[in-house]
Amino acid sequence: MLTVRELFKIFPGPVAALRGVSLEIPNGLFGLLGPNGAGKSTLMGILTGQLEPTAGSVILGGVDIVADPDAVRRSLGYLPQEFGFYPDLTGRKMLELLLTLKGVHAPGGRRKLALELLDRVNLGHAADRKVGGYSGGMRQRLGLAQAIAGSPRLIIVDEPTAGLDPEERHRFYRLLAELGKDRIVLLSTHIVEDVATLCPRRAILRAGRVVADTTPSAARASMDGRVFEGMVPDGDLAAFAARHRVLSAILVEGTTNRVRTSVARAGESGPDGFRPASPTLEDAYLDLIRGPLGSMGAAAGAAA
Amino acid sequence: MSPRRVLAVAAVDWKAAWKRPLWLMLLAIYVLLAIGMVGGNVRIGSGDSNAGGAEAWINSQFNVAFLIGNLVALFAPFFAAIATGLPVLQDLDRKIDRILYGTPLRPSEHVAGRFLGATGPLLAVTGGFIVALMLALQFWPIDNPEKQRGPFVVANFLWPATLLSLPLLLAVSGGALWLGARTRSPLAVFLMPIGVLILCPILLWNWSPEWLPWGWNRALMLVDPTGVRWLNETWLKADRGVAFYNTQPIVPDAAFAASRIAFALVGLAFVPLATRSLVRGKRTRDERRLDPASLASIPPAGGASAVAPVAGRRLDGLAMETRVPGSLAAFRTVLGSELRILLRSPGVWLFTPLIALQVVGSSFASDLWLDTRPLETFGSLATSSFNTLTLLLILLTLFYTVESMVREERLGFAPVFRATPIPTRAMLAGKITANAGLALVVMAATMLGCLVVVAIQWASTGTLVPLEFGVFVKLWGVILTPTLLVWSAFIALVHGLVRNRYATWGIGLAVLIATGILQLWGYLNWASNWHLWNALVWSDIDRLGFYGTSLVANRLFMLSLAALFLTLAASAFPRRVRDPQRTIDHVRPKPVLLGLLRLSPLVAIALGLGLWTWIESRTGFQGAVLRREARDYRKRNDATFRDAPVPALAKVDAAVEVDPAQRRLWVSGSYVIRNPHAEPMTRIPLTAGRGWENLAWTLDGVPQKPVGKDDFAAPPYLEDRAGLWTFTLAEPLEGDRTITVGFAFDATFPAGWTRNGGGVAEFILPSGVVLTSFSANFMPAVGYLDGIGVDDRNAVDAKDPEPEAWKGLTPPAFGSAWAFDLRMTVTGPADWELNAVGVPGEPTIEGDRKTVTWVTDHPVRFFNLAGGPLVRNDGEGSSIFHSPRHPWNIGTMTEALDASRKHYSEWFAPYPRRDLRLTEFPSLANYAQGFPGNITFSESIGFRTRNAKDDDVDLVFFVTAHEAAHQWWGNMLMPGRGPGGNILSEGMANFSSALLTLEKRGETAMRKMLRQWEDSYANGRVADSERPLNLTTGTRPGDTTVTYDKGGWAFWMLLEHMGRERNLAGIREFIATYRDGPDYPLIEDFLAVLRKHAADPAAFDTFATQWFLRVLVPEFRFSDATVTGGDGSWRVAATVENAGTGTVEVEIAAEGEAPEGSEGKEAPAPPRSIARVTLAAGERKAFEVTCSFPPKRLVADPDVRVLQLRRKLAELTLPKATVAAMP
């Protein structure tokens, strides 16, 4: 169990990146959703021991990793959102170096293990090419290989599927699902579909606060009877959005928008001409992040 | 190209320039340097620094050019390269170029904008330096401003900056920009200024041997991007007098002006080249069309389609285990990884050959005593390159360490790297050690350079020195590596604290500069000399044993500091970004105390070692304590005894025992003292050594205890006047009466550590012993020694000599006024050779001690004791005692000693002693001294002199002949204590060695030797300070070369003027007249005796006045040369000018093409026709020479008979002949 209690992070400015985040993250895949600037990467930085919080605690296996950041490094696999490698090393050498730094052993030796891991992430063919020549997707896969090396107790992956093609994305999901059986895998993303597919639990951050900590089915259930769909001419959209909570608007054939809206409570009627729609996880997510900030606490409580 | 867009890019840098640490640091360095230059300690070497003399103005155009040229060249290239070379690279790293090039901005505009953005602030800061220099040199309060400061002329500052600094800055900036764009490597950019440092200050500025042809010299001036070599060689080296430098502007010749313009243009031309490199690097390689069929065999880059699905291949199957690596394992891993990265860095491989080149070059450029060149051994090479290697490695390590600290951040690898469980300290230790270890590559290359030196030396001299690779391990591995470790750790700490690479570089460079300034001012000691700059003197015999504990303590101190810095750097390292809001949490007493507690062992060790080294440096024999005692000695006695009559020794009887292993000395003995003066003498002063223990005195056999300062005592009594022990006699000493002073003491010598390494003139060490009666180290010195206790605080300008001083009775220059007999019993290690003056008795050996009694067979005025674990080599009339490590030149030295004894006896006076010994000592000092019958040579003189090729000056022969000549000049003929006296010793020794060289090596070798002295004089003289030979005191700048080189030349020209036989007859009479005193001669006495032998006394007087009694030196130039004729007869017409001073008759030769020499034989001389011209100062005369061969060039004084300045310019290549009727 990873317990986050009342975590605050205020950067000079001042800018409050986290405003009292509390989470209980059990073994298994846990999704962390939120728009850009919600504080996800700040939270990741704190959880990986690379950023000191302004206040709060993070307990992993009974140890407060805020006070003892070395503790988390001993049991951590981390795939950052943006990262690079030594460009002059080959993929295998790079991974071998990281295996050595992490103290990962395997019966056949590190060289064999590195090749096996590269194979798992579909980089076996490029094992002896310099990392400097890797494409973005290949680098991402090498990053994943190092993150899962040694089967760490806590795996944190930050926007992991950016740059991956669909096939690699699925391969990646498979690996995460396998890893998530007996350890904590924290998946930070703003792609709701990823979380919907993989994570039995998820939390949504908005403006440095947790606005939802729930399961996908509960999130969907919270939107039952509240989502409506209809068409709005493009010229009227701005006026429409001022009167209704628009979840999404997709321009169709350049003149008309297919619009999904939500209402505050089930049972309320939707806009004129709109018909009820079956809610998706994305609707739930968008409803939370588009709602008024003042309602966030209530929303979080309701969602939980 | 759009200027608007270029300026828009540049403006981004200009707006931020004022807050960039790089520029602020450079400006701060410049301002400090400007203020530091006001004192005038660093300025052109012209003028007369003595009281009343004309001084070089600190704000003259030449002095400002000297300062700006040197300082900007030393410091600005580092900042220029970093500022210009990196921004484009950073844009690429940050991928800003992708956005920028999506706008109308072109790569050429981007590069030009970045170039302007960097060079603008660079030039502005340099302009700030010029302004600071103007203000400091013009307005800062100084002593004697009316003498040191001329009127303010703004051109004096702007012109040197434009001529010297602007082209340099543009060239370096453009070069760095191009290098960065071309290599995409920041390190290549960093290495550029280091390359400039190696090539310019270390190689180009000062390397100018006499044999270097003028054309080559000119070429080197033109390729020097700093322009400093041109300034030195063209204007400053041959001193033109302070009036010239103070008032004249610097006028560049056409070639130099073209070179400066070319450097500036090349710098600007690098901008488009950099653009090309940038564009080429960005262009994709698949632009050319490929046959689609050929693509089929190439696997796709991603490889996805080639890979089977992974279903069923579970991670569990890998059976991975994690054991968090310990500190050592993590250290090893990071070290290995860093080393791999560093060794792939192209900069390392570019840089190392440069260092090796520098070592090779500088070893061939180095000079020793009497301008001899050293025969390099591995130890001397390792030590002589130690300073340069240390400096270059420190700079290299500075850049590489900073780069290493930011590498993960720069590559985006930091989040992954820092999330690994390795301890931060191990991570940093690995990085630091790798950067220090990088030095191994450079050291290996430098060692190869040393091998090349040894191989070339072997090929050119036939001497192969032993291949002692262990010396490199000791000096560069064990001794130098702690410097690099402490420096890397310090830089890592600074970077951890400031977290800005530019600020780290700036602070690093500032620390280096501050250390250099402290070194210059003499404030460093074993505790503070962290890079051991100038601390180590190599001796093949002593092998650094002299430094012993002090060196070990210094290195341990540095290692302890390295550990402390590393620990602090680990705390400061931004592995986890601290929250500023929690600062108060981190400075709460408990965590602070806990942190300090954890640090305390390291702090305690570092503090303990630092204190120990500081205290020992302070209390050692060169430390502040003894320096204060020496000042007290001077303060208490100078007024009373400086000019007081000195008693003379009539007899010395002493027993001396040395224990080299303990540096111990036991002495007991007696002096029989008499009064050589007409006036009675009531006080007999004797100077005792500092640190003598158990000192006891007797007077005529009666023990004497010193009376208290204020006690009344009836004579005879003894006073201790701060080390000057003064006997007040009951009866005045006069006439033939003598007294006997007995003494006994023991001492450790030298006692304790040196202050900051370096050498020492006298010592008792396991490697050898050198003790002389000149100092009070070995036995009491008779009288007050006016050299003790002199330092910057109490030094006074030497008095101008009295022109009539020679007329009265003159006391001897050194030693006792009376020659005396000596008996000295010497006890030392049984397996040592210990030589004193006189004839040795039969040795007696007891256990491991040997005792020999030495008795003089001819009276002496001074004495010594020298020896060590040496072997003996006997010649016909001489013996050489040398280290078995140095067998190479013994044959030549023995030949020179035997020939000296034989021929000097014939030419001057018979050698009066049975033995002539020469004893080698470790080169902790580089000197030779001709004690009577017992000459001492440092190992670096003669023994390790690079023996020249057949057609060169035989330096081994020369230096031995010079020192052997002191048996006559300085012993048999003791000069008087007065102006010009020492020239009768050193100048005559040079003259004698020229005579002997002529006798044994022939005229060509002798003339080449004269030419070498002339070059040394022309480059070393200080025109305003120079006095005529008869008034030279040895205390003014440039007096050394006047004494040795001009003195030797003047005596030689006198011989040629008088004729050999007349001259030698005069010299014999001179010796016979003055050898026994009581009047000891000066130059005028010498001339008076020689004049009696001159065939034409009037011509003799004219000659003597010009060369001995005045400072007049000619300098010849040719102009308006034409050649006419053909068919076997040619006529050369030209004008020759004496651009110097004096009136001389000079031969002018028209020379033709030298005929082909047959293989293995010396090339024949070219055909020559001679004309003679007499020229007064400034006089121009037309002349003609007719010759029967096609003339190729004109040479003034082809046979090297007239001392002149800038001889290389007294030649002219003639134009082709035009056909004209011969008259």
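Residues numbered from 1 in each chain as written. Chains lettered and ligands numbered in written order. Predicted model: local features only at pLDDT ≥ 70, side-chain atom pairs only at ≥ 80, totals over all residues.

**Quick notes on the overall build of chain A**
Along its length, chain A carries 11 helices and 15 strands. Since a compact globule built from 304 residues should have a radius of gyration of about 19 Å, the 21 Å found for chain A is in line with a globular shape. Taking the principal axes of the C-alpha coordinates as reference, chain A spans close to 65 × 45 × 40 Å. The buried share among the 304 residues of chain A stands at 49%. Nonlocal contacts in chain A, meaning residues at least 24 apart in sequence, comprise 67% of its contacts between residues at least 6 apart. (Helix = DSSP H or I, 4+ residues; strand = E, 2+ residues; numbered from the N terminus. Rg over C-alpha atoms; globule rule 2.2 N^0.38 Å. Buried ≥ 20, exposed ≤ 12 C-beta atoms within 10 Å, placed from the backbone. Contact = placed C-beta atoms within 7 Å.)

**Describing the overall build of chain B**
Scanning chain B from terminus to terminus reveals 33 helices and 31 strands. Here the C-alpha atoms of chain B give a radius of gyration of 35 Å, agreeing with the 33 Å that 2.2 N^0.38 yields for 1223 residues. Once the C-alpha set of chain B is aligned to its principal axes, its extents read approximately 115 × 95 × 60 Å.

**Focus: the sheet that holds strand 7 (residues 706-707) of chain B**
The 5 strands are arranged 7-8-9-4-13 (chain B) in an open sheet whose pairing can be described as mixed. Of all strands in the sheet, those with a lone pairing partner are strand 7 and strand 13 (781-782) of chain B, marking the two edges. (Pairing = 2+ DSSP bridges.)

**Quick notes on the environment of Leu448 of chain B**
All names here are of chain B. Checked against the element boundaries, Leu448 lands in helix 19 (residues 424-461). Looking at Leu448, the number of C-beta atoms within 10 Å reads 15, which means it is partly exposed. Sequence-wise, Leu448 and Ala356 are 92 residues apart; in three dimensions their C-alpha atoms are separated by 7.2 Å.

**Focus: the interface of chain B and chain A**
Counting residues at the interface gives 41 residues for chain B and 52 residues for chain A. Sorting the residues of the side of chain B that touches chain A by element identifies strand 1 (321-322), helix 14 (327-343) and helix 18 (414-418) of chain B as the ones contributing at least two each. Of the residues in the side of chain B that touches chain A, the class split is 23 nonpolar, 8 polar and 10 charged. Note that strand 7 (residues 104-105) of chain A and strand 1 of chain B share 2 bridges and pair antiparallel. Of the residues in strand 1 of chain B, the one forming a bridge with Val104 of chain A is Thr322 of chain B. (Nonpolar A, V, L, I, M, F, W, Y, C, P; charged D, E, K, R; others polar.)

**Observations regarding the sheet that holds strand 26 (residues 1129-1138) of chain B**
All names here are of chain B. Pairing in this open sheet of 3 strands is antiparallel, and the strands run 25-26-29 from one edge to the other. Strands at the two margins of the open sheet, each flanked by one partner only, are strand 25 (1116-1126) and strand 29 (1180-1187). Sheet twist, expressed as the average angle between the axes of neighbouring strands with direction ignored, equals 15°. Across 9 bridges, strand 25 lies against strand 26 in antiparallel orientation. If you follow Phe1118 over to strand 26, its bridge partner there is Val1136. (Axes fitted to C-alpha atoms, helices over the stretch in contact; angles between N-to-C directions.)

**A look at helix 28 (residues 981-1001) of chain B**
One full turn of an α-helix is made of 3.6 residues, so residues set three or four places apart face in the same direction. Compared with an ideal rise of 1.5 Å per residue, which puts 21 residues at 30 Å, helix 28 of chain B spans 29 Å between its outermost C-alpha atoms and is within 8% of the ideal. Following helix 28 of chain B by one or two positions, Gly1002 of chain B adopts a phi angle in the positive range, close to 95°. (Expected span 1.5 Å × (residues − 1).)

**With respect to helix 21 (residues 501-521) of chain B**
All names here are of chain B. Spanning 21 residues, helix 21 covers 30 Å between terminal C-alpha atoms, matching the ideal 30 Å at 1.5 Å per step. Every buried residue of helix 21 is accounted for by Arg501, Thr504, Trp505, Gly506, Ile507 and Gly508. Along its buried surface, helix 21 packs onto helix 2 (21-37), helix 3 (61-93), helix 17 (386-411) and helix 20 (469-498). Within two residues after helix 21, Gly522 carries a phi angle of roughly 80°, on the positive side.

**A closer look at unusual backbone geometry**
One can expect most non-glycine residues to show negative phi and most peptide bonds to be in trans. The omega angle of the peptide bond from Gly13 of chain A to Pro14 of chain A is -5°, so this bond is cis rather than trans. Considering the arrangement of structural elements, one finds Pro14 of chain A in the loop between strand 1 (2-11) and strand 2 (15-25). Cis rather than trans, the peptide bond between Phe749 of chain B and Pro750 of chain B has omega equal to -5°. With respect to the element layout, Pro750 of chain B can be found in the loop between strand 10 (738-748) and strand 11 (763-765).

**As for the packing of helix 26 (residues 890-907) of chain B against helix 27 (residues 955-965) of chain B**
Residues and elements named next belong to chain B. Where helix 26 meets helix 27, the axes come as close as 8 Å, and the angle between the chain directions of the two elements is 40°. One element, helix 26, and the other, helix 27, form an angle in the oblique class. For the pair helix 26 and helix 27, the sense of crossing is right-handed. Touching Thr892, Met893, Ala896, Leu897, Ser900 and Tyr904 of helix 26 are Val956, Phe957, Thr960, Ala961, Ala964 and Ala965, all from helix 27. A class-by-class count of the residues in the contact of helix 26 with helix 27 yields 9 nonpolar, 3 polar and no charged. (Parallel < 35°, antiparallel > 145°, perpendicular 65-115°, else oblique. Left-handed = near helix turned anticlockwise from the far one by under 90°.)

**Observations regarding the environment of Ala678 of chain B**
Mapped onto the elements of the fold, Ala678 of chain B is located in the loop between strand 3 (664-674) and strand 4 (681-687). Sequence separation between Ala678 of chain B and Gly735 of chain B is 57 residues; the distance between their C-alpha atoms is 7.6 Å.

**Observations regarding the confidence of the model for chain B**
In low-pLDDT segments, the atomic positions of the prediction should not be examined closely. Residues and elements named next belong to chain B. Across chain B, pLDDT averages 87, with 92% of residues at or above 70. Considering only residues more than four positions removed or in separate chains, one finds that residues 284-288, a stretch of pLDDT under 50, has 0 contacts. Here residues 302-311 is modelled with pLDDT under 50, and outside its nearest four sequence neighbours on either side it reaches 16 contacts, counting other chains as well. For this predicted complex, the interface confidence comes out at an ipTM of 0.87, alongside a pTM of 0.81. (pLDDT = per-residue confidence, 0-100.)

**Some words on the packing of helix 2 of chain B against helix 5 (residues 107-139) of chain B**
All names here are of chain B. Contact pair helix 2 / helix 5: the axes reach a minimum separation of 9 Å and the direction vectors enclose 20°. The angle between helix 2 and helix 5 places the two elements in the roughly parallel class. Relative to helix 5, the crossing made by helix 2 is right-handed. Judged by residue contacts, Trp23, Leu26, Leu27, Tyr30, Val31, Ala34, Ile35 and Met37 of helix 2 engage Pro121, Val125, Gly128, Phe129, Ala132, Leu133, Ala136 and Leu137 from helix 5. Here the contact of helix 2 with helix 5 is built from residues that sort into 15 nonpolar, 1 polar and no charged.

**Here we look at the confidence of the model for chain A**
Looking at chain A, pLDDT values average 86 and 96% of them are 70 or higher. Overall, residues 294-304 of chain A carries pLDDT values under 50, and its contacts beyond four positions in sequence, including any with other chains, amount to 19 contacts.

**With respect to the environment of Leu286 of chain A**
All names here are of chain A. Tracing the sequence through the fold places Leu286 in helix 10 (residues 281-290). As a C-alpha pair, Leu286 and Arg245 span 41 residues in sequence and 10.0 Å in three-dimensional space. Not counting the four nearest positions on each side in its chain, Leu286 is found in contact with Leu247 and Ser248.

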